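Residues per chain, in single letters:
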Amino acid sequence: MLEALHFPEAFRELVMECVTTPKFYIMINGVMRGFFSSARGLRQGDPISLFLFVLCMEYLSRILNEMGELQQFNYHPRCKDIRLTHMCFADDLVMCCKGEYASVYLLLRAFKLFSSSTGLQANVSKSAIYTCGMNVRERQRIVDVSGFSHQHLPFKYLGVPICAKRISNTQCEVLIEKMTARIRLWSSRNLSYTARTQLVQSVLLSIHQYWAQIFVLPQQVLKKITQICRDFLWSGQYFTLKSGYIAWEKVCTPKNEGGLGFRDVTKWNIACMVRKVYDTLVGEHPKVHWAGIIWNRLSLPKHRFISWLAFQERLQTTSRLAAMGITNQDNCLLCAMQKEDHYHLFFQCPYSKGCLQAFKEWLSITTSTTDLKLLIRWIQRSRKSKFQKNVMYAGITGLIYKIWQSRNKVFWEMCAPNIDASCKQLKNIVKPRVRVVLP
Ligand SMILES: [Zn+2]
């Protein structure tokens, strides 16, 4: 497998050396006495076994992804859009597909391929099948072919119950039980208020926080959690009839408002869910490499906007206008020699090249490239200080602005651009800006 993933040979040999030759030493009364070799290779808990396991699971992921492409395979209706076939966290594996024999059979076959090539087997007694809306005969066929037992939701995954409906009071009992078990452990000790405050903050509320990010917890459960935290704070037990010295609402306000800065569990739960809705609505988009260049604090707002357009190749260059049928010539307005597109303007055009050269000399940039992307990469990888880089980025946005401005001047005022004058103007804008923004 290491070979197929193109790991270097020397590295593979080292790994195999570790896997095939472990020895166990026996320690008697603090003295090492003899050793024996391991017949079955690495043991669980060995530092390297984790990483090898991750590699194995990568192989499973690839098999399952490949299988998902097959025409006979149907995704679970809710997983179709993101093409989800499986989730795995360490050795906890959930596989899902449409509730039909053919798709389940493909899943099992893919898993069998994985098992036979890696030697990793599923533990039958710890595995189960969960179905919904399937007829009994079809379900029985699946149970027979897989050898797993059929069970009902909810099941536990990463410590929380997974169910199809809203989580119920009884399912939350585990959460309550977890909290009370912790307190029972602590209650034998005589803890100070400070210690209890710390424990409520860092242990009890963080158990709740984990659940609150996943579920909308029932009101009754939230009330119970509040009660447990309150009782523990004031009495050191998880239940007391004693009333607190300060109202819980007050305790849950920030420290500068007179509270202890605890989280209000109900509000926190709502906040988590709102966040989830927000994330779903907004969605995630790939990050761009140029954001830090344009929006760095040394660059001027008017430079930022033009650069923002330039980086996305959306300036209205003559070649863009010609492509849209607005003009019929696409020659560069500055040099009239080549097509005026973003690549030419930044910085292949003789005028741009001249400006760039002067710019490089000014900020001692030693790369010979005339490509905007390569220039940025050079700066990012250079061993300049963060401040020096920011000045360079501000300079680049200014340079882009200046070139675009000169190009527009040719269009409107028919005046020929002058490299020296342009560079002088650029310096006169960037220098004071840096001085003003400097702390
Ligand atoms: Zn040109």
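What you see is a predicted model; the values in this text were computed from it and never measured. Sequence order sets the numbering: in each chain, residues are counted from 1 along the sequence as written. Note on the predicted model: pLDDT of at least 70 is required for a residue's local features to be given, and 80 or more for side-chain atom pairs to be given and counted; whole-chain, interface and lining totals, by contrast, use all residues.

## Observations regarding the nonpolar core
Across soluble globular proteins, you tend to see nonpolar side chains buried next to one another.
Phase 1: Think of a nonpolar core as buried Ala, Val, Leu, Ile, Met, Phe, Trp, Tyr and Cys residues, each tied to the set through C-beta atoms within 7 Å. Here exposure depends only on C-beta density: within 10 Å of a residue's C-beta, 20 or more other C-beta atoms make it buried, 12 or fewer make it exposed, and intermediate numbers make it partly exposed, the C-beta atoms being placed from the backbone. Counting residues in each nonpolar core, the largest one holds 35 residues, and the members touching the most others are Cys355, Leu399 and Ile400.
Phase 2: Per-element accounting of this core gives the leading share, 10 residues, to helix α16 (residues 386–413).
Phase 3: When neighbours within four sequence positions are excluded, Ile400 is seen to be in contact with Ile306, Ser307, Ala310 and Phe346.
Phase 4: Counting 22 residues, the second largest nonpolar core, distinct from the first, contains Leu175, Ile183, Leu204 and Leu222. The helix count covers DSSP runs of H or I at least four residues long, the strand count covers runs of E at least two residues long, and both are numbered beginning at the N terminus. Here, residues touch in the contact sense if the C-beta positions derived from the backbone fall within 7 Å of one another.

## Description of helix α6 (residues 193–212)
Phase 1: Bend is the name given here to the angle between axes fitted to two runs of seven residues, the run ending at a residue and the run starting at it. The largest bend along α6 measures about 35° and falls at Ser206.
Phase 2: When we look at burial in α6, the residues that qualify are Val200, Leu204, His208, Trp211 and Ala212.
Phase 3: Buried residues in α6 make contact with β8 (160–162), α5 (173–187), α7 (219–235) and α9 (265–282).

## A look at the packing of α6 against α9
Phase 1: Between N-to-C directions, angles cover 0 to 180 degrees, with each direction set by a line fitted to C-alpha atoms, over the stretch in contact for helices. Interaxial distance between α6 and α9 falls to 9 Å at its minimum, and their mutual angle equals 30°. The way α6 lies across α9 gives a crossing that is right-handed. Here His208, Gln209 and Ala212 of α6 lie close against α9, whose contacting residues are Val265, Trp268, Asn269 and Cys272.
Phase 2: In this count, Pro and Cys sit with the nonpolar residues alongside Ala, Val, Leu, Ile, Met, Phe, Trp and Tyr, while Asp, Glu, Lys and Arg are called charged and the others, Gly among them, polar. In the contact of α6 with α9, the residues fall into 4 nonpolar, 3 polar and no charged. Note on convention: the crossing is left-handed when the near helix lies turned anticlockwise from the far helix by less than a right angle, right-handed when the turn is clockwise.

## Focus: the environment of Trp186
Phase 1: Locating Trp186 in the fold gives a position in helix α5.
Phase 2: For Trp186, a count of 16 C-beta atoms within 10 Å translates into the label partly exposed.
Phase 3: The contacts of Trp186, once residues within four sequence positions are left out, are Leu191 and Leu199.

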